[in-house]
There are 2 protein chains.
Amino acid sequence: MTEEYKFDNSVELFKRAVEVIPGGIYGSKAPGFVIPGSYPYYFKKGKGCRLWDADGNEYIDYLCGYGSQILGYGYDEVDNAAAEAMRAGDLLNGPQPEMVELAETLTKQIDGMDWAVFAKNGTDTTSLAVSMARVHTGKKKIIMARGAYHGAANWCSTNVFPELDDRKDVLSFTYNNLEELCSLFAKHRGEIAAIILTPYHHPAFGPQIMPAEGFYERVKNLTKAEGALFIMDDIRCNFRLSLAGSHSYFGVEPDLITMGKSIANGQPISVLMGTDNLKSTAGSFFITGTFWMSGVPFTASLITLKIMQEVNLIEHLNRIGGMLKNGIRSAAADAGFKAEITGAAAIPFLTFENDPDLYINQVFCSEMTKRGIYLHPHHNWFISYAHKDEDIEKTLETAREAFKLTAAKLG
Amino acid sequence: MTEEYKFDNSVELFKRAVEVIPGGIYGSKAPGFVIPGSYPYYFKKGKGCRLWDADGNEYIDYLCGYGSQILGYGYDEVDNAAAEAMRAGDLLNGPQPEMVELAETLTKQIDGMDWAVFAKNGTDTTSLAVSMARVHTGKKKIIMARGAYHGAANWCSTNVFPELDDRKDVLSFTYNNLEELCSLFAKHRGEIAAIILTPYHHPAFGPQIMPAEGFYERVKNLTKAEGALFIMDDIRCNFRLSLAGSHSYFGVEPDLITMGKSIANGQPISVLMGTDNLKSTAGSFFITGTFWMSGVPFTASLITLKIMQEVNLIEHLNRIGGMLKNGIRSAAADAGFKAEITGAAAIPFLTFENDPDLYINQVFCSEMTKRGIYLHPHHNWFISYAHKDEDIEKTLETAREAFKLTAAKLG
C-alpha cells in the first residue's frame with residue numbers, strides 16, 4: 001500500500017490566506033471544489049508532468065495548470081527563450097517584432113483565420129468576440145450551450161447582479177439539442193448576433209459530450225440564414241485536437257475563434273482570430289490592456305507552436321491519452337465499477353454510473369491524489385507532451401489500488 | 001544639431017502587421033496616436049530608463065511601458081527572481097505560497113485595506129470593483145469623471161454598442177465640479193452603487209487636474225449619505241505618489257482600490273483591495289482567470305515592493321520629476337512658449353497655451369523623439385527610479401533644441 005500524503009503546510013498557508021484574501025483561494029481553484037484534507041492547496045514546483053505541493057509531495061499531474069502546460073511544466077526550450085526575452089525588456093512602449101511574427105504564424109497555421117488580436121485572459125477574447133459580433137451584425141442576442149464555460153465576465157459567469165441585464169440577451173440551449181436550438185433561432189429571428197460554442201461540450205460536474213452527427217452543419221446553416229456569427233471558443237481544447245484549430249478537427253468553419261491556455265505553454269496570452277470580412281469591425285475596436293504587448297509571451301508562443309509541430313504533438317497526446325483512457329476503464333471494471341471516460345483522448349474525464357453528486361468520483365480522485373496522482377473530480381483532465389508511457393503505467397498501478405480502496409469505502 | 005532618427009524597420013514591420021492584425025497595432029499603442037514618420041512603432045529592448053526600437057535607435061524613455069516600469073526596464077534583482085520562479089514552474093494547479101505573502105504585504109502596506117484579490121488586467125479589477133459595489137449595495141448606478149480612463153471593458157470604454165445598455169447606468173460629471181456631482185447624487189438618490197475616481201484627473205489630450213480643495217471630503221460625505229461605495233482606481237498613479245497608496249497621499253479613505261501597472265515592475269498582475277466590511281461580498285464572487293495564479297508575477301511584486309521601500313523611491317521620483325518639470329518649463333519659456341507641466345512630479349504632462357488640437361505638442365514631442373528622448377504628445381509621462389540626474393540633463397539639452405525647432409516650424 002502506498003502511504004498517504006499529508007498537507008500540513010497547505011492547511012497552514014490557507015489559514016493565513018483567509019485573513020487577507022476573501023475565501024483564501026478563489027475561483028475554480030477554491031478548496032471547496034475538492035475534498036478537504038485530501039488535496040494540496042498550494043504548490044511550489046512543476047517539471048514535465050510532475051508537480052510538487054507546498055508540503056513537498058510529488059504528483060504525476062493530470063490538470064496541467066488547467067490545460068495550459070501542453071508541453072509540460074518548465075519546458076526548457078520555451079523557458080530559456082522566455083528568460084532571454086525577459087532580460088531584453090518584457091514590457092516596452094509598444095509591440096516587439098515577435099507580435100507580428102506570431103500573427104503571421106497563426107494565420108498560416110489556423111484553418112480559415114485571416115487575422116489575430118492578442119490579449120491576456122481567455123475572457124478578454126470571448127468578451128471581445130461577443131461584442132464584435134453585436135457591432136458587426138447590429139443585433140444583440142447571443143446563444144450559448146447551457147453549462148458551457150466561456151469565462152468569468154458578467155455576461156457569461158455566475159457573477160450576475162440579477163437586475164443588471166448582463167445576461168438578458170444571452171440565450172441558452174441544451175448542447176446537441178437541435179430542436180431547441182432551431183426554435184431559439186426561429187423565436188428570435190432578426191435578433192441574433194452570434195452563437196458561441198466550445199469545440200465539444202465539457203461541463204463541470206458531468207460527462208463530456210461530443211457534437212452529434214450533423215450538429216455543426218445545422219449550426220452553420222442556422223447562423224448563415226440568420227446573418228449571425230459562429231464563434232468557436234477553443235480556449236480549453238486548444239491544440240489538443242488539432243494544430244490547425246479544433247474547428248479543423250471537426251471540419252467546421254467558424255467566423256471567430258478564441259484561443260488561450262496552452263498557446264504559449266502557460267505564459268499569459270490569449271488570442272482572438274477571425275475571417276477577413278470581420279477585419280474592419282475588429283479594427284474599429286479600442287482593444288488594449290497594460291500588459292497585452294509584453295514580449296515574453298509572444299516569444300514563448302512562437303517556440304511552443306514550433307515545438308508542437310516538431311514533436312508531432314497530436315499523435316503523442318492521442319496515444320498516451322488512449323492508454324490512460326483504456327487503462328482506467330478496465331481498472332474500474334476490474335473493481336466492479338461502471339465508469340466511463342468521455343472527451344477527447346488528450347482531455348479525458350471520468351464519471352461513474354449512479355453518481356449524481358460525484359461522491360464516488362471524489363472518493364476515487366482523492367485516493368489517487370493522496371497517493372501521488374493528481375486528478376480532479378469535477379473538472380476534465382489534460383494530457384501533455386511530458387506524459388510518457390511509464391507515467392501512465394504508474395498511474396494505472398495506483399488507479400487499481402484506488403478503485404479497490406474506493407470500493408471498500410463505499411461498502 | 002542632433003541627427004534625426006529613421007524608422008525604416010518599424011515601417012516595414014507595420015506593413016507586414018496590417019496584413020494579419022486589424023489596424024496593425026491596436027489600442028493606445030496605435031500609430032495614429034503619434035505623428036507618422038516621427039515615432040518608432042516597434043521596440044526591441046529596454047534597460048533602465050533606456051529604450052531601443054526596431055531600428056536600433058536609443059531613447060531616454062518617459063513612458064516607462066505606460067507606467068509599469070517603476071524601477072526601470074530590466075531591473076536585475078526583479079528579473080533574476082522572476083527567472084528563477086519561472087524555472088520552478090510558473091503556472092501550476094493552484095496558487096504558490098507567494099500569493100499569500102503578497103496579500104499579507106499589501107494589506108500591511110496599503111492604508112486602510114484589509115484584503116486583496118489578484119487578476120491580470122487593470123480592467124479586470126475595475127470591472128470587479130464596480131460589480132461588487134452593485135452587489136453589495138443592491139443598486140445599479142456608477143458615477144465616474146468625464147474623460148477618466150478606467151479600462152477597456154464595455155462599461156467604461158468607447159467600445160459601446162449603443163443599444164446594449166453597457167453604459168446606461170454609468171453617470172458622468174466634470175472632474176472637480178462639485179455642484180454637478182451633488183446634483184447627480186440628488187437626482188439619483190437611492191440608486192447609486194459607487195463613484196469611481198482616479199487619485200487625480202489625467203485625461204488624454206489635456207492637462208492633468210489635481211483634486212480641488214475639499215473635493216474628496218465632499219465625495220466621502222456624498223457616498224456615505226447615499227450608502228454608496230467609493231472606489232479609487234489607483235492603476236495609473238500606483239506607487240508614484242505614496243507607497244501606502246495614492247489615497248493615502250490625498251488623505252482619503254476609499255472602500256475599494258485597484259492597482260496594477262507598476263506593482264510588479266511590468267510583470268502582468270493587478271489587484272483589487274478592499275475594507276473588511278466588503279470581504280464577504282468579495283468572497284461571494286467567482287473570480288478567476290487561467291493565468292491569475294501564475295507564480296512569477298507574485299514573486300516579482302514582492303521584490304519590487306521591497307526595493308521601492310529600500311531605495312526611498314518616492315523621494316527620488318519627486319526630486320527627478322521636479323528637475324524635469326522645472327527644466328522643461330524654463331526651456332519652453334526661453335523659446336517663447338507659454339507651456340505648463342501638470343500632474344504629480346513623477347507623472348508629468350506638458351501642454352501649450354493655445355494648442356487645442358495638440359499640434360504644437362505633437363511637433364515638440366516628435367522633435368524630441370527623433371532625437372532620442374521618447375515623449376508622448378497625448379498621454380502623461382512617467383518617471384522611474386532608473387532616471388538619474390544625467391538623464392534629465394541630457395533631456396533638457398535636447399528640449400532646448402527641440403523647442404527652438406518647434407518655434408521655427410510654427411513660424
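Here the structure is a predicted model, which means the values were calculated and not measured. (Residues numbered from 1 in each chain as written. Chains lettered and ligands numbered in written order. Predicted model: local features only at pLDDT ≥ 70, side-chain atom pairs only at ≥ 80, totals over all residues. Heavy atoms only, no water.)

What about the relation of the copies chain B and chain A?
So, point 1. When chain B is fitted onto chain A, the two copies agree to an RMSD of 0.0 Å after a turn of 180 degrees and an axial shift of 0.0 Å. What the rotation and shift describe, once combined, is the action of a two-fold rotation axis. It is Ala83(B) whose C-alpha, among those of chain B, lies nearest the rotation axis, at 2.9 Å.
So, point 2. Most of the interface of chain B is mirrored in chain A: 100% of its interface residues are interface residues there too. (Least-squares fit on C-alpha atoms with pLDDT ≥ 70 in both. Contact = heavy atoms within 4.5 Å.)

Things to note about the domain arrangement of chain A
All names here are of chain A.
So, point 1. Examined at the domain level, chain A breaks down into domain 1 (8–63 + 312–410) and domain 2 (88–310).
So, point 2. Each of domain 1 and domain 2 was reduced to a C-alpha centroid, and the two centroids are 28 Å apart.
So, point 3. At the interface, 21 residues of domain 1 touch 18 residues of domain 2.
So, point 4. The contact between domain 1 and domain 2 buries some 1500 Å² in all, and 62% of this surface belongs to carbon and sulfur atoms.
So, point 5. The tally of links from domain 1 across to domain 2 stands at 0 salt bridges.
So, point 6. Run the count over domain 1 and domain 2 and you get 11 residue pairs in polar contact (both at pLDDT 80 or more).
So, point 7. Broken down by secondary-structure element, the contributors of at least two residues to the side of domain 1 that touches domain 2 are α10 (313–334), β11 (339–342) and β12 (349–352).
So, point 8. Per element, the largest residue contribution to the side of domain 1 that touches domain 2 is 3 residues, and it comes from α10. (Domains from an automatic or database assignment. Buried area = accessible area lost by both parts, 1.4 Å probe. Salt bridge = Lys/Arg side-chain N within 4 Å of Asp/Glu carboxyl O. Polar contact = N/O pair within 3.5 Å; in protein donor to acceptor, adjacent residues only side chain to side chain. Helix = DSSP H or I, 4+ residues; strand = E, 2+ residues; numbered from the N terminus.)

A closer look at helix α1 (residues 8–20) of chain B
So, point 1. By the burial criterion, the buried members of α1(B) are Ser10(B), Leu13(B), Phe14(B), Ala17(B) and Val20(B). Buried residues in α1(B), looked at end-on, bunch into an arc of 120 degrees, giving them a common side. In α1(B), the exposed residues that point more than 90 degrees away from the buried face are Asp8(B), Lys15(B) and Glu19(B).
So, point 2. Its buried side turned inward, α1(B) meets α3 (97–109), β4 (115–119) and α8 (279–283) of chain A. (Buried < 20%, exposed > 50% of the residue type's maximum accessible area, 1.4 Å probe, protein only. Arc of directions from axis to C-beta.)

Description of the interface of chain B and chain A
So, point 1. Taken together, the contact pairs 96 residues of chain B with 96 residues of chain A.
So, point 2. Where chain B abuts chain A, roughly 8300 Å² becomes buried across the two surfaces, and 60% of that area is made up of carbon and sulfur atoms.
So, point 3. Interface area lost by chain B to chain A is led by Tyr26(B), Asn93(B) and Phe286(B), which between them contribute 11%.
So, point 4. Counting the contacts that link chain B with chain A gives 2 salt bridges.
So, point 5. Put simply, the parts of the chain that give the side of chain B that touches chain A at least two residues each are α1, β1 (43–47), α2 (76–87), α3 (97–109), β4 (115–119), α4 (122–137) and α8 (279–283) of chain B.
So, point 6. Looking at the side of chain B that touches chain A residue by residue, the class counts come to 47 nonpolar, 25 polar and 24 charged. (Nonpolar A, V, L, I, M, F, W, Y, C, P; charged D, E, K, R; others polar.)

Structural notes on the pairing of β4(B)
All names here are of chain B.
So, point 1. Burial of β4 is extensive: 5 of the 5 residues sit out of reach of the surface.
So, point 2. Burial along β4 is two-sided: Trp-115, Val-117 and Ala-119 facing one way and Ala-116 and Phe-118 facing the other are all buried.
So, point 3. Relative to strand β10 (residues 270–274), β4 runs antiparallel, the two sharing 5 bridges. Within β10, the residue paired with Trp-115 across the bridge is Gly-274. (Pairing = 2+ DSSP bridges.)

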